[in-house]
Amino acid sequence: MATAGRYLYGLIRTTEDRDFGAVGLPLLGTPTQVRTVRVGDIGAVVSEFPLKERLLPLRKNLEPHNRVIRDIMADMTIVPMAFGQVARTEAEVARALRGNQKAIDAELKRLDGKVEMTLRVLWDVPNIFEYVIGEDPELALVRDEMFGRSSPPTQGEKINLGKMFEERLAQSRRRDTDRLIGIFRQFVAEVKENDPKDEKMVAHLSFLVQRDRLKAFEEKLFQAAANFPDAYVFDYNGPWAPFSFVEIDLQLESAQA
Amino acid sequence: MGILMAPFHGLMAIFQEVADRAEAEMYDDEAVRAELVSLYQSLEAGSITSDEFDAREVKLVERLEEIERHKREQAQA
């Protein structure tokens, strides 16, 4: 029995139907065929996906999602889709392409020849509270005054110290993030700030970089890492397909309700 | 001088990059997410087999789903 649902990997420019082989998300343990659904010169890269199946972000699904996009990216520009997009039918995919033709076209142009680099900068310190206090004499003074005298600190004082700490942390993040963006601005097409998910994370940035600027970008990265204080760790990754810079929403009816 | 970590295309990186961008708010649960991360690390370090990983991963991800569903229901109530 044919499977109606279609899993979406991304959008490419192509004037002919393409077949990328049996490299898609597994169906009953077997990789599915990846090919295009085409409207004019725009192709949606899809594979079959049964609608009644639950789609979970498991390694067996995340890996092929990433691999299909990465392999296509080696040969052509792809507007990558976030993990988990499923259309009910092939007709729905075609409808989404027709309804968004101009936007997709603009997106393919904007992302043409560009890749995404991600940079996570972390404070590599055992205790972030101690580190921030060590960098800030005013804060250190408040803390020493509170804990150095004979009477114990009040609840209000503790809350106040906590608030000052949070403020300093936010200020440091802002200052360092602005500095980083300033350093890389001339080497990249676009920058996106992501929320730091960890207390020790200074900044989490995504850069949209023209392929032929990658080398210059990486050189700058080495230089920047060398110029930051010892406590800073630069963790960078890429090149990826420009996931963070896709603005288009195909508005598929959510097949995975 | 800061330390520069070389780009890394292992499983962990794929998980971070792809899962971060999956429109799955279930990864907001930090405790379970941390467990998932350590599971990936174990697989990469070779301290668990691929089958063990799969079995434990499904359980964790299902728990994440459960948490997410619960949050949604609470938001609606």
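Everything quoted here is computed from the prediction, not taken from an experiment.

K.L.:
Any chance you could break down the overall build of chain B for me, citing the residues and the numbers?
P.N.:
Secondary structure assignment for chain B yields 3 helices and 1 strand. Listing the helices and strands of chain B from first to last along the sequence gives β-α-α-α. Here chain B holds 77 residues, and 40% of them are scored as buried. Counting contacts in chain B only where the partners sit at least 6 residues apart, residues at least 24 apart contribute 59% of the total.

K.L.:
Tell me about the overall build of chain A, and name the residues and values.
P.N.:
Along its length, chain A carries 7 helices and 10 strands. A separation of at least 24 residues holds for 74% of the contacts in chain A among residues at least 6 apart in sequence. Put simply, chain A shows about 12700 Å² of open surface, and 49% of that area lies on carbon and sulfur atoms.

K.L.:
Run through the packing of helix α6 (residues 155-184) of chain A against helix α7 (residues 214-227) of chain A, naming residues and quoting values.
P.N.:
Residues and elements named next belong to chain A. Orientation of α6 relative to α7, taken along the N-to-C sense of each, is 145 degrees, at an axis distance of 10 Å. Two packed elements cross with a definite hand, and for α6 against α7 that hand is right-handed. Mapping the contact onto sequence places R179, I183 and F184 in α6 and F217, K220, L221, A224 and N227 in α7. Its residues assigned to classes, the contact of α6 with α7 comprises 5 nonpolar, 1 polar and 2 charged.

K.L.:
Go over unusual backbone geometry with me, naming the residues and quoting the values.
P.N.:
All names here are of chain A. A cis amide bond, omega 0 degrees, links G238 with the succeeding residue P239. For P239, the location among the structural elements is in strand β10 (residues 232-240). One non-glycine residue, L28, lies in positive phi territory at about 55 degrees. One can find L28 in the loop between β2 (19-27) and β3 (30-39).

K.L.:
Could you give an account of the environment of M81(A), naming the residues involved and the relevant values?
P.N.:
Residues and elements named next belong to chain A. Relative to the helices and strands, M81 resides in the loop between β5 (78-80) and β6 (86-87). On the basis of relative accessibility, which here comes to 4%, the residue M81 falls in the buried class. Taking the C-alpha atoms as reference, M81 lies 6.8 Å from L8; in sequence the two are 73 residues apart. For M81, the residues in contact, after removing those within four places along its chain, are L8, Y9, G10, L11, H65, I69, F243, I248 and L250.

K.L.:
Give me the lowdown on the environment of K114(A), citing residues and values where you can.
P.N.:
All names here are of chain A. Of note, K114 is situated in strand β7 (residues 114-123). On the basis of relative accessible area, K114 is assigned to the buried category, the value being 17%. Residues K114 and A189, spaced 75 residues apart in sequence, show a C-alpha to C-alpha distance of 8.5 Å. Not counting residues within four places of it along the chain, the set of residues in contact with K114 comprises K109, A189, L208, V209, Q210, R211 and P242.

K.L.:
Tell me what's going on with the confidence of the model for chain B, and back it up with residues and numbers.
P.N.:
Averaged over every residue, the pLDDT of chain B is 75; residues scoring 70 or more account for 61%. Confidence, expressed as mean pLDDT per element, reaches its minimum in chain B at helix α1 (residues 11-21) of chain B with 65 and its maximum at helix α3 (residues 50-76) of chain B with 84.

K.L.:
Lay out helix α2 (residues 90-99) of chain A with the relevant residues and their values.
P.N.:
Those residues of α2(A) not exposed but buried are E92(A), V93(A), A94(A), A96(A) and L97(A). Tucked inside the fold, the buried residues of α2(A) contact β1 (6-13), β3, β4 (42-48), β6 and α3 (101-111) of chain A.

K.L.:
Could you give me a rundown of the nonpolar core, with the residues and numbers involved?
P.N.:
Residues and elements named next belong to chain A. If you look at the biggest cluster of nonpolar residues, it comprises 69 residues, and the most contacted ones within it are L119, L180, F184, Y232 and F234. The element best represented in this core is α6, accounting for 8 residues. For this core, the two domains that each supply at least three residues are domain 1 (6-112) and domain 2 (115-243). When neighbours within four sequence positions are excluded, F184 is seen to be in contact with L119, F207, F217, K220, L221 and A224. In this structure, L11, L97, L108 and L111 belong to the second largest nonpolar core, which totals 22 residues.

K.L.:
Which residues make up the pattern of salt bridges, and what values go with them?
P.N.:
Residues and elements named next belong to chain A. Taken as a whole, this structure holds 22 salt bridges over all chains when the rule is applied. The salt bridge partner of E90 is R35, with a shortest N-O separation of 2.7 Å. Linking E90 in helix α2 with R35 in strand β3, this pair joins segments that are 55 residues apart in sequence. Of the charged contacts in the structure, one is a salt bridge between R149 and E157, with a shortest N-O distance of 2.6 Å. Residue class for R149 comes out partly exposed when judged on its relative accessible area of 28%. Several salt bridges share partner residues, and in doing so they unite R13, D41, D105 and K109 into one network.

What counts and what doesn't
Residues numbered from 1 in each chain as written. Chains lettered and ligands numbered in written order. Predicted model: local features only at pLDDT ≥ 70, side-chain atom pairs only at ≥ 80, totals over all residues. Heavy atoms only, no water. Helix = DSSP H or I, 4+ residues; strand = E, 2+ residues; numbered from the N terminus. Buried < 20%, exposed > 50% of the residue type's maximum accessible area, 1.4 Å probe, protein only. Contact = heavy atoms within 4.5 Å. Areas by Shrake-Rupley, 256 points an atom, 1.4 Å probe, with all protein chains shown as cover. Axes fitted to C-alpha atoms, helices over the stretch in contact; angles between N-to-C directions. Left-handed = near helix turned anticlockwise from the far one by under 90°. Nonpolar A, V, L, I, M, F, W, Y, C, P; charged D, E, K, R; others polar. pLDDT = per-residue confidence, 0-100. Core = buried A, V, L, I, M, F, W, Y, C linked by side-chain atoms within 4.5 Å. Domains from an automatic or database assignment. Salt bridge = Lys/Arg side-chain N within 4 Å of Asp/Glu carboxyl O.

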